[in-house]
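Understanding the architecture of this molecule
These are the residues of each chain, in order.
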Amino acid sequence: MCTERCNIRKEYQELKIRINTLNSDVQYWRSRFEDRIGREEALKEKIKELQAKLKYRESQLFGKKREKRSGIDCYAGNNNGNKQESKKRGRRKGSPGHGRKSYDNLDVEIVEHALSDEDKKCPVCGKPFRELTITEESEEIEWEVNVYRKRHKRKRYARCCDCPQTPSIITAPVPDKLIPKGLFSVGFWTKLLILKYLFQLPLSRIIQKLSLQGLEISPGTVTGGLQKIQMMMTPLYDRIVESVRQVSHLHIDESRWYVFEEIAGKDSYQWWIWVFSTSNAVVYVIDPSRSSSVPVEYVGQGEGIILSVDRYSAYKKLAREHSNGLLLAFCWSHVRRDFFNVMKSWKELENWSFKWIDRIGELYKINKERLSYSQDSEDYIKSDEQLRVAINKMEEVRDQELSEDNLHPAGKKVLISLENHWEGLTLFVDHPHIPMDNSEGTPTE
């Protein structure tokens, strides 16, 4: 009996140890399973994020470049979210045409066309036709490019008096030239500068075009002339730069610009074109750097200067280090683009993005109406109050959505950026002369 009880107790202890071991194994594998579930969820979120990024990149490469909304207007006068019927491009059936465009601004060269003596006779009897005073007319547009030599003959005059202090022969003066003793006229250099800097044609291609017209010219001659013209233009450029430094409101923007020149410390050809735009002057600067050291040379040191810029960190550093402080007016077009990018990347956020795009569009509309009135008029005061109400409402919606736990990470990121730049974005409310965006400062290639 005692032996049987001892065996049962021993078996019980062994089972207890086994159960504890199994419980430990269960806890271990449960934790491993939860880790795998968490990792799987994280990977799913990462896949969604990468898919959204891929969708955005594809829209950048293959999608429409413009941000104009067409065919759908979910919240502006169409609350049911239904797609509106898109209009076909081109002239509508049954609508009157515009007719042929008039070119009366062009010079006219009269070219007369006559029949030969043989064609002016009757093919039967040979009797000649009588010429009429009326003609039949038609027009065509001719494009004539011609390089020619202009020979100046300066008349000379002999003295007819006996005055010893007067030269015996005088000659008409030499016409003014851009480059003294140069071969090319002012008009020649003007056309060359237009082709190179307005139409962005390389010098080699311009020289090739001239060669087709019979003028063989070496690249060194052209580059040498351009260097002399640069020296002439430098004082004017310096005056323009100085005028930019004197203003209290300035648009600044930068964009990539490739310069195929190797310089020490730079391992690529990517430079930057900076634009400094005022109401009466624009300065373009091509620099290898994108840092704040570039705009600091073109921004004045006065008080109350406002810069219309994007959210690039160099402008924020410039404002922090300015001796008298700078106010940065951030661009609403960039904010609007943020919501467009979210809409392109995340299908489930399309309606949410459209709502915010409509709110921004409403700000543009109210501000445009406000600026159409005189600042001392009742209509201006009414529009100004309406604008401030819309701004406050937008701020409330932003804060409310940021407080929601289920806000999508992509939407949260955009709203946090909106909150961080709110002061600069709303600067136009108290400063009506400041535009809502920085479109005037955008470089054009």
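Scroll up to find the structure this text is about.
Residues numbered from 1 in each chain as written. Predicted model: local features only at pLDDT ≥ 70, side-chain atom pairs only at ≥ 80, totals over all residues. Heavy atoms only, no water.

1. Concerning the overall build of the protein
Counted only if it meets this: The helix and strand labels rest on DSSP assignments: H or I over at least four residues marks a helix, E over at least two residues marks a strand, and numbering proceeds from the N terminus. Only the C-alpha atoms count toward the radius of gyration. The rule for a globule is 2.2 Å times the residue count to the power 0.38. In this scheme, a residue with accessible area under 20% of its type's maximum is buried, one over 50% is exposed, and one in between is partly exposed, where area comes from a 1.4 Å probe on protein chains only. Whether two residues are in contact is decided by their heavy atoms, any of which lying within 4.5 Å being enough.
Of the regular secondary structure elements, the protein holds 11 helices and seven strands. Relative to its length of 445 residues, the protein is extended, with a C-alpha radius of gyration of 38 Å against a globular reference of 22 Å. The 445 residues of the protein split such that 27% are buried. Pairs at least 24 apart in sequence give 53% of the contacts found in the protein among residues at least 6 apart.

2. Observations concerning the packing of aromatic side chains
The condition that has to hold: Each aromatic pair joins two rings of Phe, Tyr and Trp (for Trp, the six-membered one) with centres within 6.5 Å, and gets the label stacked for planes under 30 degrees apart, edge-to-face for over 60, and tilted for any other angle.
All told, the structure shown has 12 aromatic pairs when counted by the stated rule. For the pair W274 and F276, a centre-to-centre distance of 6.4 Å together with 10° between the ring planes defines the contact as stacked. Summarising the burial analysis for this pair, W274 and F276 share the class buried. Ring centres 6.2 Å apart and planes at 80° place the aromatic pair W332 and W422 in the edge-to-face group. Of this pair, W332 sits in helix 6 (residues 332-345) while W422 sits in helix 10 (residues 422-425); the two residues are 90 residues apart in sequence, bridging distant segments of the chain.

3. Some remarks on the pairing of strand 6 (residues 305-309)
We count it as follows: Only when DSSP finds a minimum of two bridges between them are two strands counted as paired. Seen with its strands pointing away from the viewer, a crossover is right-handed when the path leading from the first strand over the helix to the second is clockwise.
The buried count for strand 6 comes to five of five residues, which makes it a mostly enclosed element. Burial of strand 6 is two-sided: the residues I305, L307 and V309 facing one way and the residues I306 and S308 facing the other way are all buried. When strand 3 (residues 249-258) meets strand 6, the two strands line up parallel, connected through three bridges. Note on strand 6: the bridge partner recorded for H249 is I306. Taken together, the five bridges between strand 6 and strand 7 (residues 326-330) define a ladder with parallel strand orientation. What sits directly across from V309, in strand 7, is F330. Viewed along the sheet, the connection from strand 6 through helix 5 (residues 313-321) into strand 7 turns out right-handed.

4. Quick look at the pattern of salt bridges
Threshold: When a carboxyl oxygen of Asp or Glu lies within 4 Å of a side-chain nitrogen of Lys or Arg, that pair is called a salt bridge.
The full count for this structure, using the stated rule, is 11 salt bridges. Salt-bridge contacts for R398 lead to D399; the nearest nitrogen and oxygen are separated by 2.8 Å. Of the residues examined, R398 reaches a relative accessible area of 3% and is grouped as buried. By relative accessible area, which is 35% here, D399 ends up partly exposed. Several salt bridges share partner residues, and in doing so they unite R370, D384, R388 and D430 into one network.

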